[in-house]
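# Observations on the model geometry
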Amino acid sequence: MVAGEAGDVSKETMESWNERAREITTGWNARDVWNMDETGCFWRGLPEKTLEAKGRRCTGGKKAKQRLTWAFFVNAEGEKEDPVVIGTSVSPRCFKNLQSPSRPYNCSYFANSKAWMNTEIMTTILSKLNRQLKRNDRHILLFMDNAPCHPQTLSGEFSNITVQFLPKNTTSKSQPLDAGIIANWKVLYRKRMLRYVCSQVDGEKNASEIVKSINVLMAIEWGRQALNDVRQSTITKCFQETGLYPRDEPIEDDPFEGEELANLKTIMDRIHAECSVEEYVSYDDDTAICAGLIDPSNPNWRSEVRNELLDDDPDVQFISEDTSIDDDFDKELEEPSVKSLAEALHLTDQLRHFAQFNGYQDLALAVGKASDVISSLQLLAPKRQTALTDYFK
């Protein structure tokens, strides 16, 4: 299949598709009209001159270890499902103490040598979703693009999912996630990542050194938080813009659309960014997220496809432990200085006092939520049986 779906799309093609889309969505409730798409994200990427050139492919090796593939499911009502994350390590060291390593931060985690989506993962995800919908006696209309990891055989395979493929080479204008949802998510993710870097910069360490302390679990945490912060109105607006909203309603501009970019630029200026905010947000948009994509505008496409085919098998997932571990990208979590829930609760009390004394109301509210979570964990923790000697201490 040919990549480059962000290119020019003829007016006639889109008018024809929009008319057909209105027919397809007729009779469907907005919350049952869904879109699914993947994107690559370099989770340690700094705004430097060495950013990947637009359209450059990223397959195996060290570059792949710096990238995660995220898959999102959204509906026209503005709701979001738990995302899918695909990495290169089957069992990252930072996952060691997770109760459910396959569900970090309620994301479904998969792994293969290139961090790519493939047909097996796609089928697994949709099969699980179909079972969930069946239990709830619910049917959905799912729009997908024609990526090789979305085979045509998916159409008609599921009892409660009607799969509808978007026209080839039109997804820049026909797919809601490509119309601004993913871009908004990347802005929010990179704001979190750069805030962390800025908070750690001092006279001894620079941004390039600090970013190496970021692990995959931190990246997934920030990515999950970023998705939570994508506004419902933003998602609905993108469905309206692409003609997939099941009824005609006026499209209203998002009043905060430029504010997020401005906030990100402010943070980038703190570390003397070497690129524009637009370049930083979009630099990994065209990284490969599955096998089989060919960009005919790239003069080296033949050699790159040859190297890809000779590289590792992208379909290996959850079969064996990693044969080689790069310590730079897969570090174990260090032992925390806080040793118990009681100590953690004491810290939140101190933070709350600090926030209230200085008038930091947003911080006080956030700390209050953390304190409530810690208190809940304490109640769920198994209680130590009281010994007779405890009463005489």
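Higher on the page you've got the structure.
Described in the following lines is the structure provided in the data block. The written sequence of each chain sets the order in which its residues are numbered from 1. The predicted nature of this model means local features are confined to residues of pLDDT at least 70 and side-chain atom pairs, given and counted, to a pLDDT of 80 or more, with totals for whole chains, interfaces and linings taken over all residues. Think of the side-chain values as coming from all heavy atoms in the structure, minus any hydrogens and water.

### Some words on the pattern of salt bridges
Operational definition: What makes a salt bridge here is a side-chain nitrogen of Lys or Arg within 4 Å of a carboxyl oxygen of Asp or Glu, nothing more. Per the convention used, a helix needs a DSSP run of H or I reaching at least four residues, while a strand needs a run of E reaching at least two, with both numbered from the N terminus. Note on classification: 1.4 Å probe, protein chains only; a residue is buried when its accessible area is under 20% of the maximum for its type, exposed when over 50%, partly exposed between these limits.
Under the defined criterion, the tally for this structure stands at 13 salt bridges. A salt bridge links Asp 284 to Lys 186, with the shortest nitrogen-to-oxygen separation between them at 2.7 Å. Here the residue Asp 284 occupies a position in the loop between helix H10 (277-282) and helix H11 (301-310), and Lys 186 occupies one in helix H5 (residues 181-200), the gap between them amounting to 98 residues. Comparing Asp 284 with Lys 186 shows no difference in burial state: the two are buried. A salt bridge links Glu 241 to Lys 237; the shortest N-O distance between them is 3.9 Å. Here the residue Glu 241 and the residue Lys 237 both occupy positions in helix H8 (residues 232-241), the gap between them amounting to four residues, near one helical turn. Look at Glu 241 and you get partly exposed, because its relative accessible area is 41%. Judged by its relative accessible area of 6%, Lys 237 is buried. Beyond isolated ion pairs, a larger network of salt bridges with shared partners links Lys 186, Arg 190, Asp 284 and Asp 285.

### Some points on the pairing of strand S4 (residues 108-111)
Two faces belong to every sheet, and in a regular strand the side chains alternate between them. The following threshold applies: Each pair of strands is called paired provided DSSP finds at least two bridges between the two strands.
Neither face of S4 is open: one carries Ser 108 and Phe 110, the other Tyr 109 and Ala 111, and all of them are buried. When strand S3 (residues 84-87) meets S4, the two strands line up parallel, connected through four bridges. Looking at S4, one finds that Val 85 is bridged to Tyr 109.

### Looking at H5
Heads up, the rule is: The span expected for a helix works out to 1.5 Å for each residue beyond the first.
Between the first and last C-alpha of H5 there are 29 Å, a value that for 20 residues agrees with the 28 Å anticipated at 1.5 Å per step. A large share of H5 lies buried, amounting to 15 of its 20 residues.

### Thoughts on the nonpolar core
To be explicit about the condition: Side-chain atoms within 4.5 Å are what join buried Ala, Val, Leu, Ile, Met, Phe, Trp, Tyr and Cys residues into a set we call a nonpolar core.
Core analysis: the biggest nonpolar cluster contains 64 residues, and Trp 70, Met 193, Leu 194 and Ile 220 have the highest contact counts within it. At 10 residues, the largest contribution of residues to this core is made by H5. Membership of the second largest hydrophobic core comes to 26 residues, among which are Phe 73, Ile 86, Met 122 and Leu 133.

### As for the sheet that holds strand S1 (residues 33-42)
Stated formally: Helix axes are fitted to C-alpha atoms over the stretch in contact, other axes to C-alpha atoms as well, and angles between N-to-C directions run from 0 to 180 degrees. Contacts between residues were defined by any pair of non-hydrogen atoms, one from each residue, lying within 4.5 Å.
Taking strand neighbours across the sheet as the criterion, the six strands line up as S4-S3-S2-S1-S5-S6 in an open arrangement whose pairing is mixed. Since the sheet does not close on itself, it has two edges, and those belong to S4 and strand S6 (161-165), each with one partner. In this sheet, neighbouring strand axes are inclined to one another by 25° on average, regardless of whether the strands run parallel or antiparallel. Of the strands in this sheet, S1, strand S2 (67-75), S3, S4, strand S5 (140-144) and S6 are in contact with helix H3 (residues 119-135), which crosses S5 at around 165°. Against the sheet, H5 contacts S1 and S2, and its axis sits at roughly 40° relative to S1.

### Side note on the environment of Pro 176
Mapped onto the elements of the fold, Pro 176 is located in the loop between helix H4 (171-174) and H5. Classification of Pro 176 as buried rests on a relative accessible area of 0%. Distance from Pro 176 to Thr 236, taken between C-alpha atoms, is 8.6 Å for residues 60 residues apart in sequence. The residues touching Pro 176, leaving out its near neighbours within four places in the chain, are Asn 35, Ile 181, Cys 238, Phe 239, Thr 242 and Leu 244.

### Describing helix H12 (residues 341-358)
Going by this rule: In this description, the arc belongs to the directions extending from the helix axis to the C-beta atoms.
With 18 residues, H12 should reach 26 Å at 1.5 Å per residue; the first-to-last C-alpha distance of 26 Å fits that figure. Within H12, the full set of buried residues consists of Ala 344, Leu 345, Thr 348 and Ala 355. Mapping the buried residues of H12 onto a view down its axis gives an arc of 95°, with all of them on the same face. Along H12, the residues that are exposed and aim more than 90 degrees away from the buried face are His 353 and Phe 357. Gly 359 sits one or two residues past H12 and shows a positive phi near 75°.

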